[in-house]
Every structure is written in C-alpha cells, then in structure tokens.
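Chain by chain, the residues:
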Amino acid sequence: MNNMNRYIIVSIILIGALALGFYLFSSSQKEKSNSQQKGGHGVTTGGHQPVTQGQRSYEPEITSDTTNIKPNQPIKFNYKIKNDKGEILKNYEIAHEKIMHFIVVRKDLRNFQHLHPDFNQATGEFTVDITLPTEGRYRLFPDFTPAEDNSQKLPATVYHDIGVGDVSKYKSQPVTPDTQVKKTVDSYLVTHNLPSNLTKRQEVSYSLTIERNGEPITDLQVYLGALGHSVILKEETLDFIHTHASETGTGPKIEFTTTFPESGIYKIFTQFQHQNKVITTDYVIRVN
Ligand SMILES: [Cu+2]
C-alpha cells in the first residue's frame, strides 16, 4: 500500500469516527431533552408519562380543574386511570388494605403526604381532598395494582405535576443528605440505621428504632398491613420506590430492604403507627 492510499484510508476512518461521534452525541442530547419533557420540567399544570406494568401501560386522566390552585386551600382532585387501549381501569387489587395509595410531594421533596382517595366503581373516578401548604410545583403519584392484564399482581405508579400559587416565585430548596441519624418527630426519637456506604443496584437493609422519653417503643401498630412503609424518592427525577417493613413485630425496630437503581440523592419517607396515630419521618441519603 503506498503512502497516498494509506493517508486516504486513515482520513476515511477519522471522518467516519467523527461522524459517528457526532451522531451519538446528538442522539444522546435528544434523549435527554425527551426525558426532561417526560419528567414534566418546566410544566406548570400538567406533565405525566405512561408507565408500563404487566402487559399494559397506564396514565392518569385528570378530571378536575387544576389550573388555579392556591396554597393552603383544600381542593378536590379527581382522576381516572387509563390504559394504553384507552379504557378506564375499574378493577383494582387491594394492596396494603387499599386499592389506591396517593402520594403528594413538593418537587424538592418537601410537604410529603400519603392519602387514600375515594373510588366510584361505576365511573372509575377517584376523588381525594388535598391541601398543598405552600406555593410551588408538586408531583402527585397514584399508586395502585391493576386487577386486569396483570397476572403477577405488580403495582404501578403514575404521576401528575401541578403548580400551586405563583410558581414563578417558587425556588426549590436543596435536598441535602442527613448527617444526624437521630431525629425527633412529634414526641418520638427516631434513629435511622443505614450502612455508611450505599451503592447503587445493591440490596440495602436499613432500619428505624423508635423511642420516646428514653424508652423504646414496643407496642407499634400495624399500619396498612405493615409495621412500616417507606416511600423513597430520588432528587430531581423523583424516581419512586415503595417498600414495606420486612417483618411484622411491635418495635422498637422497623426493618426494610430495598435497592437503589441509580447513584444520587434519595429521600426516604417512612410511616409507622403508634397509639392510633401515623407518624412520618424522613431521611436523606447519598447513594454511590
Ligand atoms: Cu397508602
């Protein structure tokens, strides 16, 4: 091969590599902007994406007006769940004593609420009273288990974003990992026991220990079929994990096992019940 030919071949390879590189770069950018749209960024009163579970995918159909929600003003939020055939889902499995769990959170992971909507079996419509305490962008997560086309009885979680008050004034607060494992919640002292080094895609066991006035609490109650419920949300993307205490008992320890799919910052909201009152604690972690 003479030098000229060699030069031409090298040039072709270089141009090819550059073109491929550019193509990969631009498609990754495209993907990014798509997923951002899907994530509902920059959307004031809307934004959701279908979620696939079992053989079907689902999305919420909002049937109440969400355009003018004021902070601290109770509203009725109505929705139905629609599948990818365009049908309204009317048959649900009972999961943890309810057919529908409904999680509300401001998008910077403040103001967590766990509610249970009313259901109209005839129309498939859910109704839930919500009060959003402060201005800002919120995400609402209907969490349910379809009773159709779902032989494995897998849960599905969809979401819908809404704006409350003047969202242009809303500044999201940073989500910072907790450094103190002990937190006082209502009159309880909750110790969050987690491994000091958390790695993505590895099973993690963590637990909470509940005390009051220096005494361990040993008469915790079962709340919705479990000693504890954790809803875990990832900062920014708001990826959703719902996990339950691995064993029943009466305290003072509540144990969980979960897996964090990606590295990043997560906030764990855990609920438990004592003396007929539901207590919510939270803990922010970094996963490597
Ligand atoms: Cu629930």
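Residues numbered from 1 in each chain as written. Predicted model: local features only at pLDDT ≥ 70, side-chain atom pairs only at ≥ 80, totals over all residues. Heavy atoms only, no water.

Some remarks on the overall build of the protein
Thought 1: In terms of regular secondary structure, the protein is built from 1 helix and 19 strands.
Thought 2: A total of 288 residues make up the protein; the buried ones form 40% of that total.
Thought 3: Contacts in the protein between residues far apart in sequence, at least 24 positions, make up 64% of those at least 6 positions apart.
Thought 4: On the protein, roughly 15300 Å² of surface is accessible, and the fraction owed to carbon and sulfur atoms is 49%. (Helix = DSSP H or I, 4+ residues; strand = E, 2+ residues; numbered from the N terminus. Buried < 20%, exposed > 50% of the residue type's maximum accessible area, 1.4 Å probe, protein only. Contact = heavy atoms within 4.5 Å. Areas by Shrake-Rupley, 256 points an atom, 1.4 Å probe, with all protein chains shown as cover.)

Quick word on the coordination of the copper ion
Thought 1: Binding of the copper ion to the protein goes through His101 (ND1), His114 (NE2) and His116 (NE2), at separations of 1.7 to 2.1 Å.
Thought 2: Spacing between the donor residues of the copper ion along the chain follows H-x12-H-x1-H.
Thought 3: Judged by its relative accessible area of 25%, His116 is partly exposed. (Donors = N, O, S within 2.8 Å, 3.2 Å for Na, K, Ca; no water.)

Quick notes on the sheet that holds strand β19 (residues 277-287)
Paired through their backbone hydrogen bonds, the strands of a sheet run either parallel or antiparallel.
Thought 1: What the 4 strands build is an open sheet, ordered β16-β15-β18-β19; its pairing is antiparallel. Because the sheet does not close on itself, it has two edges, and the strands there are β16 (240-244) and β19. Going from strand to strand, the sheet's axes swing by 20° on average, the running direction of each strand aside.
Thought 2: Pairing of strand β15 (residues 229-234) with β16, which is carried by 5 bridges, proceeds in the antiparallel orientation. The residue bridging Val231 from the neighbouring strand is His242, located in β16. (Pairing = 2+ DSSP bridges. Axes fitted to C-alpha atoms, helices over the stretch in contact; angles between N-to-C directions.)

Digging into the packing of aromatic side chains
Thought 1: Applying the stated rule across the entire model yields 15 aromatic pairs.
Thought 2: Taking the centre distance of 4.8 Å and the plane angle of 40° together, the rings of Phe141 and Phe240 count as tilted. Here Phe141, found in strand β8 (residues 136-144), pairs with Phe240, found in strand β16; they are 99 residues apart in sequence, far enough to count as distant.
Thought 3: Linked through ring pairs, Tyr58, Phe77, Tyr79, Tyr92, Phe102, Phe119, Phe126 and Phe144 together constitute an aromatic cluster.
Thought 4: Between Arg139 and the ring centre of Tyr159, over which it is positioned, the NZ or CZ distance is 3.7 Å. (Phe/Tyr/Trp six-rings, centres within 6.5 Å; stacked < 30°, edge-to-face > 60°. Lys NZ or Arg CZ within 6 Å of the ring centre and 35° of its normal.)

Observations regarding the sheet that holds strand β3 (residues 75-83)
Thought 1: Spatial ordering of the open sheet is given by β1-β2-β3-β7-β6, a layout of 5 strands whose pairing is antiparallel. Of all the strands in the sheet, the pair left with one neighbour each is β1 (51-53) and β6 (118-120). Geometrically, the sheet is characterised by an average inter-axis angle of 30° between neighbouring strands, direction not taken into account.
Thought 2: Strand direction decides the pairing type here: β1 and strand β2 (residues 56-62), joined by 3 bridges, are antiparallel. Along β2, the bridge assignment pairs Thr52 with Ser57.

Side note on unusual backbone geometry
Thought 1: With an omega of 5°, the peptide bond between Gly251 and Pro252 qualifies as cis.
Thought 2: Here Pro252 shows up in the loop between β16 and β17 (253-259).
Thought 3: For Glu97, which is not glycine, the phi dihedral falls at a positive 70°.
Thought 4: Relative to the assigned elements, Glu97 resides in the loop between β3 and β4 (100-106).
Thought 5: Looking at Glu97, the relative accessible area reads 51%, which means it is exposed.
Thought 6: Even without being a glycine, Asp149 presents a positive backbone phi close to 50°.

What to know about the confidence of the model for the protein
Detailed reading of the predicted coordinates is not advisable wherever pLDDT falls low.
Thought 1: In this model, the protein carries an average pLDDT of 86, and 83% of its residues clear a pLDDT of 70 or more.
Thought 2: Long-range and interchain partners of residues 12-46, a stretch whose pLDDT sits below 50, account for 26 contacts in this model, where long-range means more than four residues apart. (pLDDT = per-residue confidence, 0-100.)

Quick notes on the side chain of Gln273
Thought 1: Inspection of the secondary structure puts Gln273 in strand β18 (residues 264-274).
Thought 2: Residue Gln273 is classed as buried on the basis of its relative accessible area of 15%.
Thought 3: Setting aside its immediate chain neighbours within four residues, Gln273 contacts Leu220, Gln221, Val222, Tyr223 and Val278.

Structural notes on the side chain of Lys107
Thought 1: By the secondary structure assignment, Lys107 is in the loop between β4 and β5 (113-115).
Thought 2: In terms of polar contacts, Lys107 uses its side chain to reach the side chain of Asp161, at 3.0 Å. (Polar contact = N/O pair within 3.5 Å; in protein donor to acceptor, adjacent residues only side chain to side chain.)

Describing the nonpolar core
It is characteristic of soluble globular proteins that their nonpolar side chains tend to be buried jointly.
Thought 1: In this structure, Ile210, Ile254, Phe260 and Ile285 are the most contacted members of the largest nonpolar core, which totals 24 residues.
Thought 2: Of all the elements in the fold, those that place two or more residues in this core are β12 (188-193), β13 (203-212), β17, β18 and β19.
Thought 3: Ignoring anything within four residues of it in the chain, the contact list for Ile285 reads Pro177, Leu194, Leu198, Phe260, Gly264, Ile265, Tyr266 and Ile268.
Thought 4: Within the second largest apolar cluster, 22 residues are counted, among which are Leu89, Tyr92, Val104 and Ile130. (Core = buried A, V, L, I, M, F, W, Y, C linked by side-chain atoms within 4.5 Å.)

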